[in-house]
Amino acid sequence: MKQQDFFSSAVNNLALPNAEVRYYPDFIEHEEALFEQLVTEICWQQDTLEMYGKPIPIPRLNAWYGDAGADYSYSGIYLRPLVWTPLLSSLKANVESFLNSRFNSMLANFYRDQNDSVAWHSDDEKELGYQPLIASLSFGQSRRFSLRHKSDPALNTVHMELEGGSLLVMAGETQSHWQHQVAKLTAPCEGRVNLTFRHVSCGNP
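Bear in mind the structure is a predicted one, so any value in this text is a computation, not a measurement.

Q: Can you walk me through the overall build of the chain in this structure?
A: Across its full length, the chain holds three helices and 15 strands. For the chain, whose C-alpha radius of gyration is 16 Å, the value lies close to the compact-globule estimate of 17 Å for 205 residues. With respect to the three principal axes, the spread of C-alpha positions in the chain is 45 × 40 × 35 Å. Taking all 205 residues of the chain together, the buried fraction comes to 48%. In the chain, of all internal contacts separated by at least 6 residues, the share reaching a separation of at least 24 is 73%. Within the structure as shown, the chain displays about 10,000 Å² of accessible surface, and the carbon and sulfur contribution to it stands at 50%. One way to put it: in the chain the 16 positive side-chain charges average out to a point 5 Å from where the 24 negative ones average out.

Q: I keep staring at unusual backbone geometry and nothing clicks. Help me out?
A: What is expected of a backbone is that most residues other than glycine have negative phi and most peptide bonds are trans. For Asn18, which is not a glycine, the phi torsion comes out positive at approximately 60 degrees. Here Asn18 shows up in the loop between β1 (12-14) and β2 (20-24). The backbone of His30 sits at a positive phi, close to 55 degrees, despite the residue not being glycine. Along the polypeptide, His30 turns up in the loop between β2 and α1 (31-41). His30 gets classed as exposed once you look at its relative accessible area, which sits at 53%.

Q: It is not clear to me how the pattern of salt bridges should be interpreted in this structure. Could you clarify?
A: Side chains bearing opposite charge may pair, as long as their charged atoms lie close to each other. Inspection of every chain in the model, using the stated rule, returns eight salt bridges. The salt bridge partner of Glu20 is Arg22, with a shortest N-O separation of 2.7 Å. A salt bridge links Glu96 to Arg102, with the shortest nitrogen-to-oxygen separation between them at 3.5 Å. Overall, the relative accessible area of 14% leaves Glu96 in the buried class.

Q: How do you make sense of the sheet that holds strand β11 (residues 143-149) when you look at a structure like this?
A: Hydrogen bonds along the backbone pair up the strands of a sheet, which may run parallel or antiparallel. Read across the sheet, four strands follow the order β9-β14-β11-β12 without closing on themselves; strand pairing throughout is antiparallel. Pairing within the sheet leaves two strands with one partner each, and these edge strands are β9 (118-121) and β12 (158-162). For this sheet, the mean angle separating the axes of adjacent strands, direction not counted, is 20 degrees. Two elements, β9 and strand β14 (residues 178-182), share two bridges in a ladder whose sense is antiparallel. Looking across to β14, one finds that Val118 is bridged to Val182.

Q: Sorry if this is basic, but what is going on with the side chain of Asn194 here?
A: Considering the arrangement of structural elements, one finds Asn194 in strand β15 (residues 192-198). Within the local environment of Asn194, its side chain forms a polar contact with the backbone oxygen of Leu137, the two atoms lying 3.0 Å apart. With residues up to four places along the chain from it excluded, the contact list for Asn194 reads Leu107, Ala108, Asn109, Tyr111, Ser136, Leu137 and Ser138.

Q: When you look at α1 in this model, what are you seeing that I'm missing?
A: An α-helix turns once every 3.6 residues. As a result, residues three or four positions apart point the same way. Residues Glu31, Leu34, Phe35 and Leu38 constitute the buried set of α1. Projected down its long axis, α1 shows its buried positions confined to an angular sector of 110 degrees, all on one face. Summarising the geometry of α1, the exposed residues directed more than 90 degrees from the buried face are Glu32, Ala33 and Thr40. Looking at the buried side of α1, the elements it contacts are α2 (86-99), β8 (105-111), β10 (134-140) and β15.

Q: Quick question: what am I supposed to make of the environment of Thr196 here?
A: In this structure, Thr196 sits in strand β15. Of the residues examined, Thr196 reaches a relative accessible area of 8% and is grouped as buried. In this structure the C-alpha to C-alpha distance between Thr196 and Val169, which are 27 residues apart in sequence, comes to 9.4 Å. Dropping the residues within four chain positions of it, Thr196 is found in contact with Ser105, Met106, Leu107, Ile134, Ala135 and Ser136. Of the polar contacts made by the side chain of Thr196, one reaches the side chain of Arg198; its length is 2.8 Å.

Thresholds applied
Residues numbered from 1 in each chain as written. Predicted model: local features only at pLDDT ≥ 70, side-chain atom pairs only at ≥ 80, totals over all residues. Heavy atoms only, no water. Helix = DSSP H or I, 4+ residues; strand = E, 2+ residues; numbered from the N terminus. Rg over C-alpha atoms; globule rule 2.2 N^0.38 Å. Buried < 20%, exposed > 50% of the residue type's maximum accessible area, 1.4 Å probe, protein only. Contact = heavy atoms within 4.5 Å. Areas by Shrake-Rupley, 256 points an atom, 1.4 Å probe, with all protein chains shown as cover. Lys, Arg positive; Asp, Glu negative; His and termini not counted. Charge placed at Lys NZ, Arg CZ, Asp CG, Glu CD. Salt bridge = Lys/Arg side-chain N within 4 Å of Asp/Glu carboxyl O. Pairing = 2+ DSSP bridges. Axes fitted to C-alpha atoms, helices over the stretch in contact; angles between N-to-C directions. Polar contact = N/O pair within 3.5 Å; in protein donor to acceptor, adjacent residues only side chain to side chain. Arc of directions from axis to C-beta.

Structure follows, in structure tokens:
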């Protein structure tokens, strides 16, 4: 995949206090074909969470890719990185070039239909360090992405549609002060793949 396959003609900066959020709705071309390739090539799995003493499957499929030693854990789930595929390496390189940043890992999520989701959370695990930069690519069906402030109830929850081919960037104090989610839907919808590039501290136990 070549650099010219990517473009960023527009950017929406969300005016949120204690946050730096940028949305590029038309970041990547030919995303429909890439969606099919990602669904086929990524080694998807369904992790489980321990709730009330019982293992509960999380409502989506995921996969963790990264450099050697880029282990990651969240919500009691411990992940060792899979080896980058050529497609994922190419996508990572283009995002790195665009943002002038370096990523060593990526969490992929596959929302298969309207029943798949991710609950309110922040990407604030210690492996991500202080003020992490999170770059999120979306492919396939658009889904509503929501943000809410952790401590100021007077601030309205923010909703936005993450379209196929878009790039969402969260940086600065965003993870310290805001949570985000992708909620379930009542109406049927097609699948969505989300790739969230990040940099983790290697060598965690």
